[in-house]
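Architecture at a glance
Chain by chain, the residues run as shown.
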Amino acid sequence: MFATPDWTAARKALARWYRGAQRDLPWRRTSEPYPIWVSEVMLQQTRVAAALPYYVRFLERFPTVEALAEAPEQELLSVWSGLGYYSRARNMQKAARQVVALGGFPRTFEGLRALAGIGDYTAAALASICFGLPHAVLDGNVMRVLARLLADPGDVTSPTTRRRLAAAAQEFLHRRHPAEHNQAIMELGALVCLPREPDCPRCPLRPHCHAHAEGRAREFPVKLRKQEKVEVALTVFVVERAGKLLLWQRPEGGGRMAGFWELPSADSLPGAGAHEVLRRFRHTITHQVHDVCVRRASIARAPRGFTWVALARLREMPLSTIARKALGERP
Ligand code: SF4
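Residues numbered from 1 in each chain as written. Predicted model: local features only at pLDDT ≥ 70, side-chain atom pairs only at ≥ 80, totals over all residues. Heavy atoms only, no water.

This next bit is on the pairing of strand β1 (residues 230-241). Walk down a regular strand and you will see the side chains alternate between the two sheet faces. Across 10 bridges, β1 lies against strand β5 (residues 288-298) in parallel orientation. Each bridged residue has a counterpart across the sheet, and for E231 the counterpart in β5 is V289. When β1 meets strand β2 (residues 244-249), the two strands line up antiparallel, connected through two bridges. For E240, the partnering residue across the bridge sits in β2 and is L245. Linking β1 back to β2 in an antiparallel pair, the connection comprises two residues, with A242 at a positive phi of about 50°. (Pairing = 2+ DSSP bridges. Helix = DSSP H or I, 4+ residues; strand = E, 2+ residues; numbered from the N terminus.)

Here's what the structure looks like:
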């Protein structure tokens, strides 16, 4: 590893770049904690372009933290449906109820960190962006930028490396402008210091970047433990009758997808007649790649555990992402 970069000069260069390059995004037009929190949770799992329509719809349906606290769970899951990681939506509602009980969002990192589902990253983002507190964020984008700036040889999946990068992020932080600084480094990771194609010629941090100086930008961050992808073949049936569709609901208490509605799999309807293939697609959940074949099917009598649901009701129901894709909806 090289010596520490000149953080003061790098900080100034980053701030100058951000003022000219930042994207105009709805959550950047406010410093209210509620909409910023919603955006931060959504962006942990989804790209900005994909998250935008969900963000707008979510705030239309639940415009305040009180509205989110009181929402029926099925409605909440329906609005979240397609974003995945449903435990995050449930935790958001728990945290919303805590915020309502407290009479407002806590104004310290520790207070925010104590809310359901809020980890170090979200607490630092809210503390800095909403309350101007000097807490550096450390997400995947920031870790990549810092690992490259420092040419850090450590495995970024290891807690030791994360701690070292967290300390570097805190040192790099502009303590008088933490909101702008945190957003700037995340924006740099999203627009310039990209995972596969870092655009070093356009990067304001190039004079301070050790990985670039070594010509090894693509080699960082180092990831030693790569989980193998597992292929899973799945056939699901679209069984329609008299304007209704055959579905089943995942039971309450049944893990992160509890309460969601699914199409029957071929295995669960052994008595069904399988007809034409409607579509095929691939869907990745963590390290599993589902190779999904969707067939029209018919059945004389629905077995126990299945429900005929009116097609007109489908849009209000929390369908799993696989079910939505299988029905030809864009998730
Ligand atoms: Fe990333 Fe290249 Fe900028 Fe270094 S110079 S921070 S590798 S984009």
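Within this structure, the stated rule accounts for seven aromatic pairs. Ring plane angle 75° and centroid distance 5.0 Å describe the contact between W27 and Y55, whose orientation is recorded as edge-to-face. Highlighted residues: W27 in the loop between α1 (7-21) and α2 (33-43) and Y55 in helix α3 (residues 48-61), separated in sequence by 28 residues. Residue classification places Y55 among the buried positions, given a relative accessible area of 5%. Here the aromatic rings of F58 and F62 are separated by 5.1 Å at their centres, their planes lie at 70°, and the arrangement is edge-to-face. By way of ring pairs, the aromatic residues Y34, W37 and F105 are connected into one cluster. (Phe/Tyr/Trp six-rings, centres within 6.5 Å; stacked < 30°, edge-to-face > 60°. Buried < 20%, exposed > 50% of the residue type's maximum accessible area, 1.4 Å probe, protein only.)

Tracing the sequence through the fold places K223 in the loop between α12 (210-213) and β1. In contact with K223, other than residues within four places in its own chain, are D155, V156 and T157. (Contact = heavy atoms within 4.5 Å.)

Moving on to empty space enclosed by the protein. Under the criterion given, the structure shown has two cavities of 30 Å³ or more. If you go around the largest cavity, you meet 15 residues; those closest to its centre are R148, C193, C200, C203 and C209. With three residues, the top contributor of residues to the lining of the largest cavity is helix α9 (residues 140-149). Residues that form the lining of the largest cavity fall into these classes: 11 nonpolar, one polar and three charged. Here the second largest cavity is characterised by a volume of approximately 40 Å³. Every residue along the wall of the second largest cavity is listed here: R11, L14, A15, H174, H177, E180, H181 and A184. Elements with a contribution of two residues or more to the lining of the second largest cavity: α1 and α11 (178-191). Of the residues that constitute the lining of the second largest cavity, the class distribution is three nonpolar, three polar and two charged. (1 Å grid on protein atoms, 1.4 Å probe; cavity = no way out; pocket = protein on both sides within 12 Å on 5 of 7 lines; lining within 4 Å. Points joined across faces, edges and corners; volume = space filled by probe spheres on them. Nonpolar A, V, L, I, M, F, W, Y, C, P; charged D, E, K, R; others polar.)

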